[in-house]
Each structure stands twice: as C-alpha cells, then as structure tokens.
Amino acid sequence: MMRRILQPGAPLAPRVLSLECHAERMRLTFKPDRNVLDAVHEALAETGFDSAIIQVRGGSFEPLAYITPTLDGGGLHAAWYSDIHAPKGPAIIEGLVMTFGRRDGEPFLHAHGVWRHEDGFRGAGHVMPKDTQFGGPVEAEAWVLSGAIMDQLEDSETRFRLFTPVPHSAASATASRRAVLCRMKPNEPIHQAIERTAGEHGIERASLHGIGSLVGCTFTDGRIMESAASELLIRKGTLSPDQNGKAEARLDIAIVDTERAIYEGEIANGTDAVCITFELLIVEE
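If you're wondering where the values come from, they're calculated on a predicted model, not measured in any experiment.

**Q** Would you take a moment to explain the overall build of the protein for this structure?
**A** Within the protein, the regular secondary structure consists of 2 helices and 19 strands. In terms of C-alpha radius of gyration, the protein reaches 18 Å, essentially the compact-globule figure of 19 Å for 285 residues. Its C-alpha atoms put the protein at 50 × 45 × 35 Å along the principal axes. Burial status across the protein gives 55% buried among its 285 residues. Partitioning the contacts of the protein with sequence separation of at least 6, the portion at a separation of at least 24 is 74%.

**Q** I keep staring at the side chain of Glu279 and nothing clicks. Help me out?
**A** With respect to the element layout, Glu279 can be found in strand β19 (residues 274-284). Despite its burial, Glu279 pairs with no opposite charge; the closest candidate is Arg183, at 7.5 Å N-O. In terms of polar contacts, Glu279 uses its side chain to reach the side chain of Thr99, at 2.8 Å. Apart from residues lying up to four places away in sequence, Glu279 is in contact with Thr99, His110, Met150, Phe163, Cys182, His209, Gly210 and Ile211.

**Q** I tried to follow helix α2 (residues 190-200) on my own but got confused; where do I start?
**A** Note: α-helices contain 3.6 residues per turn, so residues at a spacing of three or four share the same orientation. By the burial criterion, the buried members of α2 are Ile190, His191, Ala193, Ile194, Glu195, Thr197 and Ala198. Buried residues along α2 sit against β1 (16-30), β12 (177-184), β13 (206-214), β16 (231-241), β17 (247-256) and β19. A positive backbone phi angle near 70 degrees is found at Gly202, which sits one or two residues after α2.

So, how was this worked out
- Residues numbered from 1 in each chain as written.
- Predicted model: local features only at pLDDT ≥ 70, side-chain atom pairs only at ≥ 80, totals over all residues.
- Heavy atoms only, no water.
- Helix = DSSP H or I, 4+ residues; strand = E, 2+ residues; numbered from the N terminus.
- Rg over C-alpha atoms; globule rule 2.2 N^0.38 Å.
- Buried < 20%, exposed > 50% of the residue type's maximum accessible area, 1.4 Å probe, protein only.
- Contact = heavy atoms within 4.5 Å.
- Lys, Arg positive; Asp, Glu negative; His and termini not counted.
- Salt bridge = Lys/Arg side-chain N within 4 Å of Asp/Glu carboxyl O.
- Polar contact = N/O pair within 3.5 Å; in protein donor to acceptor, adjacent residues only side chain to side chain.

Following this line, the structure appears as structure tokens:
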C-alpha cells in the first residue's frame, strides 16, 4: 500500500495545479560575494527572464546554511525543519536544483541540493538562499520560462507557503519550447500525477525537472527509504512511451531523510506519494 501522511488542513481539488508555458535552455554563471538569491536573480535578469528551474553540477558554497527535514511539526504541520546547519569552510556542490520565482512580489527561490563539507561529511537538504553564497563563479543549466512563474502562496492544507504556478507575462523575452509548470499536492502518487498531467496537456515525451518531498520512497533495486519527511531533487527525469505506447515517467533522484541519510537512484513507478509539495517542470521533447 502506498504511504500517506496526514496534513493539518482539508485536501482541496484539483490535486495537481498545472499551467502551460514555454521553456528555453540557457547556460548561466552565478557570481560569488553575494547571497545565492541575489546571485541567481542577477544572472537571470541579464537574460530577460525571471522564472526558471535551474540545475547545478559542480562549484562550491562558502558559506553554506541549510536545513533538513523533521517530523516535529509542533502540531501545526505534518513535517518541519531542523535547526540551521552551517558547516565551516567551503562545501563542494555535487548537485543542486533551484526553482526561481517570487514571494510577496519580490524575487525568491527554493533550492535542494547535495554537497560535501570541508571535513568530508556528505550533506543534503534545503538551502537558505539569503544566508548562503557561492564560493566562486558557478556554472548552471537553466530552463527559463515565459508565460508562468512560481509564486509562494498560502496553502491551507499544509499550512505552508508553497510555490504555486500562476500566469506571468513580465518576461522581456519569449521561450520557444512547450512546457508545463506544476505543483503536485500531498499524497498524490508522483509518477501517476506526472503521467496524467502530461497527458492532459497532450505531451507524450518530455524531460522532467524539479524538487519536492515524498512520504518515503522505494527504489527500483529494492532499497527503501522509510522516512515520512524528506527533501529531494530530480537528477534526471524523463517521460516516454513504454512498450505498450503508454507514457511512463522515470525519476532518478537524490533524497535526504530525517536522520540526514542520503539515498540516490531511480525510484519505482507506482509506489511513492508526495509529502508536502512537488514542484515540477515538464518540458516537451
């Protein structure tokens, strides 16, 4: 049986919020000596876009501030966050995915990553973007968006403010490839939600990009992460027809649990449900 987690508020339909938009792949360079939020905003502003899903493989943070998941929601939330981890020295980035949007009308981002501390500890979690800096110039691949943006809005079901896709026409440039920006809600089976949403928008082949949380997860090799609270990033995601012609989602992820243990690999289709939220970009191929 698929794992589920009880949320403090009533579930509201629809269970997936999706919005068609357009995406364009671009290379970005983030500068050091400013916080991560400012560095990303500055680099994006030069492209004429202010909405994006960004992936980083390499580079470093210095300083790094991040939090990891816990199940102690204080009675107000189904899951919560640890105290801030602030390791000394540089932290080498192994993988980082960022959703760039807005909060209260101002630039904001949500970032999950995996890194290695100076002392060798391998960590992962949710980056505090105003308290973290890149340790030098960092190269990134971005899917910049026109027509939609993630706006951090109140969510009565989880009692969090969550990135939610809304229409957006402020970009000075226009992307060319058809895409869908999504938020999957708690207890939604993640693979089925992706497949159904893509089908509703007439997409059969796509790349999948984003971050989120799952109520535990089962990997295709049989490993299981039991934690009901987690933070994850998609390392590689695809949607393509299976041998019967049905669109099938595949997700290779890195995920951290409440004990700070990191699990990596492809997760099994049909076994895993969203914990708090799942921010996803579907880019048609």
